[in-house]
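Topology and contacts: notes
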Amino acid sequence: MMFSELGLSPKTLEAVTAAGYTTPTPIQAEAIPPALARRDVMGLAQTGSGKTAAFVLPMLSLLEKGRARARMPRTLILEPTRELADQVREAFETLGKMHNLNVALLIGGVAFEPQALKIDRGADVVIATPGRLMDHFERGKLLLTGIDMLVIDEADRMLDMGFIPDIEKICKLLPFTRQTLFFSATMPPEIQRLTAQFLSNPVRVEVSNRSSTAETITQMLVKAPHEAKAKRDTLRQLLRTQTNVKNGIIFANRKTTVALLEKSLKVHGFNAGALHGDMDQSARMKTLQGFRNNEITYLIASDVAARGLDIPEVSHVFNFDVPTHAEDYVHRIGRTGRAGREGQAFTLVTKEEGKYWKGIESLIKKEIPYFDLGEGTGADEATDEAPARSERKPRRESKPREPRAEKPKAEAAPRAPKAPREPRPEQPKPAAPVQARAEDQRSPRPERHAPQKRSDRHPQRDVSDAPDSHSFHDGNMPAFLMRSVKVG
Ligand code: AMP
């Protein structure tokens, strides 16, 4: 199948060639023709499948006719996160070069007025997160009655983030005759209900779900203790055994853990940056850019924050927590070992996480061996119910790897992997939980319409402000966080 066979306009085909795309991906080949025929499309596809172009390209072709009117955008794309929205904007920049369209990005965390001004001048395309879109609508800055085409992207993530009520509200504000392109990686019942309600006789397009992991990725499990500080110690020991890290992503299940890990790793001298839902947009973009430019070696991220981000090939993925949703594991480790390159993926697993790990192994149909960190991890007794496996010895250097950043200020220099076990963490000081709560309260919500209820399907996602189960309230407030230290 060629792009020229899909029915795209000559101008759009020119843009495709200029972007360097030679053949359509399966989702593009299947979704573009019905989209151009003004049919509703329900696409089961994941990030990385080329689904952005699957809706951007037909949209470009269809927008060639007609023009935008003040406050009445012609098309609307809903994205669950600011980063995804920004990536779609970038796709319009790349693919829409020949079209001279007005594209308005309505996302939270940045100034309201410039966005309102853009809509005022007439937007051909609005790319929005649900909360900020509703803000504009409720302030009377936006009329949704001119929307010809609606794209709902990453619908299952919208569900995870509690945005479904907003989506329903928005759909009801749009013209009944609009065309809807709907994309989701999975189809849980809530999503099926939504499609039944808001899609009209859709063409169903499905590209195979990724349940397998690339052979080029070396996957390893690392036994870890449940207690938070000891688990962070295990992570640092693991990082120090890895001598060939070009860049790595450290995934955690919750944004509170992400923030804590960032502070902790920096204090211990690692060159780390964090990406989580409570950071403002410019901070997230800055971190991401730093990681892309190799100024940041370790990017700590939650699934929601990292979802769909165009992050370059990484040499290592570290799962600080076992993802509770098995498919997230495939997504996470898919950040490495791309295009036949070698990648390393390590997953810290505690006894308590064993049940989630079992789910992952049955999805990927592989048994993953343990990586032996040596003595002092405090892990053995903690994971005695974890699946029995052979252990591989770490590839060690005679000298442990030095972290890339400055010397730690608060704690000692990196230890050798076989260092004797550290004493158990101190008991919490009374002020600690108070400090943690105060910090949580200060954190801005990513959207005005904060996630309302976490889905039962994903009990540990990055959508809760509650500290994770092995966090401050367990009495694990690390000592360094209670001291005033300058981190850098
Ligand atoms: P997506 O799944 O939309 O996030 O796309 C993943 C990546 O694939 C992006 O970097 C796109 O630029 C790229 N891409 C999309 N379609 C094609 C294509 N037909 N040929 C080559 N690369 C593509």
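Residues numbered from 1 in each chain as written. Predicted model: local features only at pLDDT ≥ 70, side-chain atom pairs only at ≥ 80, totals over all residues. Heavy atoms only, no water.

**Here's the deal with the site of the ligand**
Taken together, the neighbourhood of the ligand is formed by 13 residues, with Tyr21, Gln28, Gly48, Gly50 and Thr52 sitting nearest. Residue Tyr21 places a side-chain N or O atom 2.6 Å away from an oxygen atom belonging to the ligand. A distance of 3.3 Å separates an oxygen atom of the ligand from a polar backbone atom of Lys51. Taken by itself the ligand offers 500 Å² of open surface, and the protein chains cover 67% of this. By residue class, the composition of the shell around the ligand is three nonpolar, eight polar and two charged. (Near = heavy atom within 4 Å. Polar contact = N/O pair within 3.5 Å; in protein donor to acceptor, adjacent residues only side chain to side chain. Areas by Shrake-Rupley, 256 points an atom, 1.4 Å probe, with all protein chains shown as cover. Nonpolar A, V, L, I, M, F, W, Y, C, P; charged D, E, K, R; others polar.)

**Some words on the pairing of strand β11 (residues 298-301)**
Burial along β11 is two-sided: Tyr298 and Ile300 and Leu299 and Ala301, pointing in opposite directions, are all buried. Note that strand β9 (residues 248-251) and β11 share four bridges and pair parallel. In the sheet register, Ile250 faces β11, and the bridge partner there is Ile300. Sheet topology places strand β10 (residues 272-275) next to β11; four bridges connect them, and they run parallel. Looking across to β11, one finds that Ala274 is bridged to Ile300. (Buried < 20%, exposed > 50% of the residue type's maximum accessible area, 1.4 Å probe, protein only. Helix = DSSP H or I, 4+ residues; strand = E, 2+ residues; numbered from the N terminus. Pairing = 2+ DSSP bridges.)

**A word on the packing of helix α8 (residues 164-173) against helix α9 (residues 189-198)**
It is at 11 Å that the axes of α8 and α9 come closest, and there the two elements cross at 5 degrees. Overall, the two elements α8 and α9 adopt an arrangement that is roughly parallel. Residue-level inspection shows Ile164, Ile167, Glu168, Cys171 and Lys172 of α8 in contact with α9, the latter providing Ile191, Arg193, Leu194, Gln197 and Phe198. Residues of the contact of α8 with α9, tallied by class, amount to six nonpolar, one polar and three charged. (Axes fitted to C-alpha atoms, helices over the stretch in contact; angles between N-to-C directions. Parallel < 35°, antiparallel > 145°, perpendicular 65-115°, else oblique. Contact = heavy atoms within 4.5 Å.)

**Considering the packing of aromatic side chains**
Tallying each qualifying case throughout the model produces seven aromatic pairs. Both rings, one in Tyr329 and one in Trp357, keep their centres 5.2 Å apart while their planes meet at 85 degrees; by these two values the pair is edge-to-face. With Tyr329 in helix α14 (residues 326-333) and Trp357 in helix α15 (residues 354-364), this residue pair connects regions lying 28 residues apart in the sequence. By relative accessible area, which is 1% here, Trp357 ends up buried. What links up through ring pairs into an aromatic cluster is the set Phe270, Tyr298, Phe318, Phe346 and Phe371. For the cation-ring pair, Lys223 lies above Tyr370, with the distance from its terminal atom to the ring centre recorded as 5.2 Å. Sitting above the plane of the Phe320 ring, Lys231 keeps its charged end 4.8 Å from the centroid. (Phe/Tyr/Trp six-rings, centres within 6.5 Å; stacked < 30°, edge-to-face > 60°. Lys NZ or Arg CZ within 6 Å of the ring centre and 35° of its normal.)

**Considerations on the packing of helix α6 (residues 130-138) against α8**
α8 packs onto α6 with a crossing angle of 45 degrees between their chain directions and a minimal axis gap of 10 Å. Considering their axes alone, α6 and α8 lie oblique with respect to each other. Between α6 and α8 the crossing geometry is left-handed. From α6, Pro130, Gly131, Leu133, Met134 and Phe137 reach across to α8, where they touch Asp166, Ile167, Lys169, Ile170 and Leu173. (Left-handed = near helix turned anticlockwise from the far one by under 90°.)

**A short note on the pattern of salt bridges**
Counting across every chain of the model gives 16 salt bridges. With its nearest N and O atoms 2.8 Å apart, the salt bridge here joins Arg71 to Asp120. Separated by 49 residues along the polypeptide, Arg71 in the loop between α3 (51-63) and β2 (75-78) and Asp120 in helix α5 (residues 113-120) bring together distant segments of the chain. Overall, Arg71 belongs to the partly exposed group, its relative accessible area being 34%. Between Lys229 and Asp233 there is a salt bridge whose closest N-O contact spans 3.7 Å. Note that Lys229 and Asp233 are positioned in helix α10 (residues 228-241) at a spacing of four residues, about one turn of the helix. Because the salt bridges share partners, they merge into one network encompassing Lys51, Asp153 and Glu154. (Salt bridge = Lys/Arg side-chain N within 4 Å of Asp/Glu carboxyl O.)

**Comments concerning unusual backbone geometry**
The general pattern is negative phi for most residues beyond glycine and trans for most peptide bonds. Of note, the phi angle at Arg38 is positive, near 65 degrees, even though the residue is not glycine. Within the secondary structure layout, Arg38 lies in the loop between α2 (26-36) and β1 (41-44). For Arg38, a relative accessible area of 37% translates into the label partly exposed. At Asn100, a residue that is not glycine, the phi angle is positive and equals roughly 50 degrees. Turning to its location among the elements, Asn100 is positioned in the loop between α4 (82-95) and β3 (103-106).

**Points about the confidence of the model for the protein**
Detail in the predicted coordinates should be disregarded across regions flagged by low pLDDT. Overall, the predicted model of the protein reaches an average pLDDT of 78, with 73% of residues at or above 70. For the stretch residues 376-388, pLDDT sits under 50, and the model shows 28 contacts to residues farther than four places along the chain or on other chains. (pLDDT = per-residue confidence, 0-100.)

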